[in-house]
Amino acid sequence: MSNLSNKVQLIGNLGQDPETVNLNDGKKLVKFSLATTDRYTNKLGEQVTDTQWHRIVAFNGTANIISEYVKKGNKIGVEGKLVTRQWEDKSGEKRYTTEVVCDQVLMLGGKA
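Residues numbered from 1 in each chain as written. Predicted model: local features only at pLDDT ≥ 70, side-chain atom pairs only at ≥ 80, totals over all residues. Heavy atoms only, no water.

Asker: Please provide a residue-by-residue account of the layout of surface pockets, values included.
Answerer: Each pocket or cavity is described by its volume, and for the largest pocket that value is around 160 Å³. Lining the largest pocket are 10 residues, with Asn13, Ala35, Thr36, Thr37 and Arg39 sitting closest to its centre. Within the residue set of the lining of the largest pocket, elements represented by two or more residues are strand 1 (8-14) and strand 3 (28-41). For the lining of the largest pocket, the element with the highest residue contribution is strand 3, accounting for 4 residues. (1 Å grid on protein atoms, 1.4 Å probe; cavity = no way out; pocket = protein on both sides within 12 Å on 5 of 7 lines; lining within 4 Å. Points joined across faces, edges and corners; volume = space filled by probe spheres on them. Helix = DSSP H or I, 4+ residues; strand = E, 2+ residues; numbered from the N terminus.)

Next comes the structure, spelled out in structure tokens:
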């Protein structure tokens, strides 16, 4: 069960084309937003659509695949782990973000 300690699997649609960054050490990074949507009926019998946005980053081989084949609107599956990082902005305030560091991607067809 140790492999399940920090594992995330999401299926959704890209909100924008992936942004590619070439790092100083020769490695590649891609980042993009992935929308997941949940639909349900509330207590009043109304249909509700709840869309959540997730920040996704990928490195090296996975980044190469994503940057070459994945575009805005595509439906994909990603698997990876949650990582929270912090930094100080220009005014000295601490900022935080939580991202999925993707190590596997599955193309699920065109736009949804």
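Asker: Tell me about the pairing of strand 3, residues and numbers included.
Answerer: Regular strands have side chains that alternate between both faces of the sheet. Here 2 bridges tie strand 1 to strand 3, and the two strands are oriented antiparallel to one another. Counterpart to asparagine 13 in the pairing with strand 3 is alanine 35. In terms of strand pairing, strand 2 (residues 19-22) meets strand 3 through 4 bridges, oriented antiparallel. If you follow valine 21 over to strand 3, its bridge partner there is leucine 29. The hairpin turn running from strand 2 into strand 3, its antiparallel successor, is 5 residues long, and glycine 26 in that turn takes a positive phi close to 90 degrees. Examined bridge by bridge, strand 3 and strand 4 (residues 47-59) share 13 bridges and lie antiparallel to one another. Residue threonine 37 lies in a different strand from strand 4, and its bridge partner there is threonine 51. Joining the antiparallel neighbours strand 3 and strand 4 is a turn of 5 residues, in which glycine 45 adopts a positive phi near 85 degrees. (Pairing = 2+ DSSP bridges.)

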